[in-house]
Amino acid sequence: KGRFKLIITQNNNIKKIPVESNSIGSFRDDKPVNVLEVDNTENILIFTKEGKVHRLPIHQIPLSDIRSNGTLLHMISNKIFGNISAVMYEPSLKKISSKGKFFICVVTERGFIKRMDVSDFLTVPLSGIIYSKLEQGDYVENVSVIGAGMDIILYNYTNKVLRLSINDIPHLKRSTKGNMTFSNIDEGNVIRGLSIIYPNNTDLVVLTENGKINRLSIAALPYTSRNTVGNKVIKLSKGDFISKVFAGNQDSMLTITTNANNYEIPVAELDFGSSMSAGTKCINKSEHVLECSIK
């Protein structure tokens, strides 16, 4: 028994440290993408980009030195192959499953989307099960838990996004690949990400690779049918493209990490733009965005 922190990194490492640790430590040539507080007697579910989900007992994950990157996933379990797409704490899924209005949403790089019942993932074996059928060369881009009253934003390598309500996402089984989202997906224009719009969100923040920010009212962004090119949310300069799209509020804080600096920008200080706005430059000319988040 015991409580621990699990840190999942970009390079498929899992770092397990005492819950009392004030810091998650350092990471050499790697970076954390998810932090979970867990009980050692419980399990996590590991979703791979190759469309398979495995149950992993937390007690099998070795303790890590605070200065290390953690342990490579395939060194913990030789049953799990592929790259990590998402990690979920099994007790949390059991809790929301009893509420009955939450789903697991999956979108692939080539634009296929679906939602599945959370209850479909409460008896995952150690050997794993397929949670999404994939076309050859396609991979899972995002796995998220969404609930009633929520919308999602999908974005790719254009200046347009799709806004879909949960009811527009097909409710399917694990063995399916889902339905198409954008109509203009191809080898050079794949899905870059998914963001959730919660019922209390009022602002949409668009960040580009070159560090330009456009703030829009969520109410002004129309819903879009699937199999379309989407709606424009920023005017992009040549060679630039959308890095992240966030939903938030006036009291939200945008955090940006570049190759040289860290920035914290209150959303309330951003000017409102329109779908035709080029955005406001928020980083120095010589920098490029590495990571960004909103709280």
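Now for a look at the structure at hand.

Criteria and thresholds
Residues numbered from 1 in each chain as written. Predicted model: local features only at pLDDT ≥ 70, side-chain atom pairs only at ≥ 80, totals over all residues. Heavy atoms only, no water. Helix = DSSP H or I, 4+ residues; strand = E, 2+ residues; numbered from the N terminus. Rg over C-alpha atoms; globule rule 2.2 N^0.38 Å. Buried < 20%, exposed > 50% of the residue type's maximum accessible area, 1.4 Å probe, protein only. Areas by Shrake-Rupley, 256 points an atom, 1.4 Å probe, with all protein chains shown as cover. Lys, Arg positive; Asp, Glu negative; His and termini not counted. Charge placed at Lys NZ, Arg CZ, Asp CG, Glu CD. Contact = heavy atoms within 4.5 Å. Pairing = 2+ DSSP bridges. Polar contact = N/O pair within 3.5 Å; in protein donor to acceptor, adjacent residues only side chain to side chain. Phe/Tyr/Trp six-rings, centres within 6.5 Å; stacked < 30°, edge-to-face > 60°. Lys NZ or Arg CZ within 6 Å of the ring centre and 35° of its normal.

Bringing the overall build of the protein chain into the picture now. If you tally the helices and strands in the protein chain, you get two helices and 23 strands. By the compact-globule yardstick of 19 Å for 295 residues, the protein chain fits well, its C-alpha radius of gyration being 19 Å. For the C-alpha atoms alone, the extent of the protein chain along its principal axes is close to 55 × 40 × 35 Å. Counting only residues that meet the buried cut, the protein chain has 49% of its 295 residues in that class. Here the protein chain has roughly 14100 Å² of accessible surface; of this, 48% comes from carbon and sulfur atoms. Where the 36 positive side-chain charges of the protein chain centre and where its 28 negative ones centre are 3 Å apart.

Tracing the backbone through its elements, the reader meets Gln10 in the loop between β1 (3-9) and β2 (13-18). Overall, the relative accessible area of 46% leaves Gln10 in the partly exposed class. Distance from Gln10 to Val33, taken between C-alpha atoms, is 6.1 Å for residues 23 residues apart in sequence. Not counting residues up to four positions away in its chain, the partners in contact with Gln10 are Asp30, Lys31, Val33 and Glu291.

Let us now look at the pairing of strand β16 (residues 203-208). Among the six residues in β16, six count as buried, and that is most of the element. Residues Asp203, Val205 and Leu207 of β16 are buried on one face, and the alternating residues Leu204, Val206 and Thr208, pointing to the opposite face, are buried as well. What sits between β16 and strand β17 (residues 212-217) in their antiparallel hairpin is a turn of three residues, with Gly211 showing a positive phi close to 85°. As paired elements, β16 and strand β19 (residues 242-248) share six bridges and run antiparallel to each other. If you follow Leu204 over to β19, its bridge partner there is Ala247.

Attention shifts here to the environment of Ser252. Structurally, the position occupied by Ser252 is in the loop between β19 and β20 (253-258). Residue classification places Ser252 among the buried residues on the basis of a relative accessible area of 8%. Sequence separation of Ser252 and Asp203 is 49 residues, and the distance between their C-alpha atoms is 9.3 Å. Ignoring anything within four residues of it in the chain, the contact list for Ser252 reads Ile265, Pro266, Val267, Ile294 and Lys295. Here the side chain of Ser252 touches Asn249 through a polar contact of 2.8 Å, landing on its backbone nitrogen.

A few words on the packing of aromatic side chains. Going through the model one piece at a time under the given rule, you end up with three aromatic pairs. Judged by centre distance (5.0 Å) and plane angle (55°), the rings of Tyr157 and Phe241 are tilted. Separated by 84 residues along the polypeptide, Tyr157 in the loop between β12 (151-155) and β13 (160-165) and Phe241 in the loop between β18 (231-232) and β19 bring together distant segments of the chain. Residue class for Tyr157 comes out partly exposed when judged on its relative accessible area of 35%. Overall, Phe241 belongs to the partly exposed group, its relative accessible area being 23%. Taken together, the ring pairs in this structure connect Phe47, Phe121 and Tyr131 into an aromatic cluster. Cation over ring: Lys16 sits above Phe4, and NZ or CZ is 4.8 Å from the ring centre.

No statement about biological role is implied by the geometric values presented.
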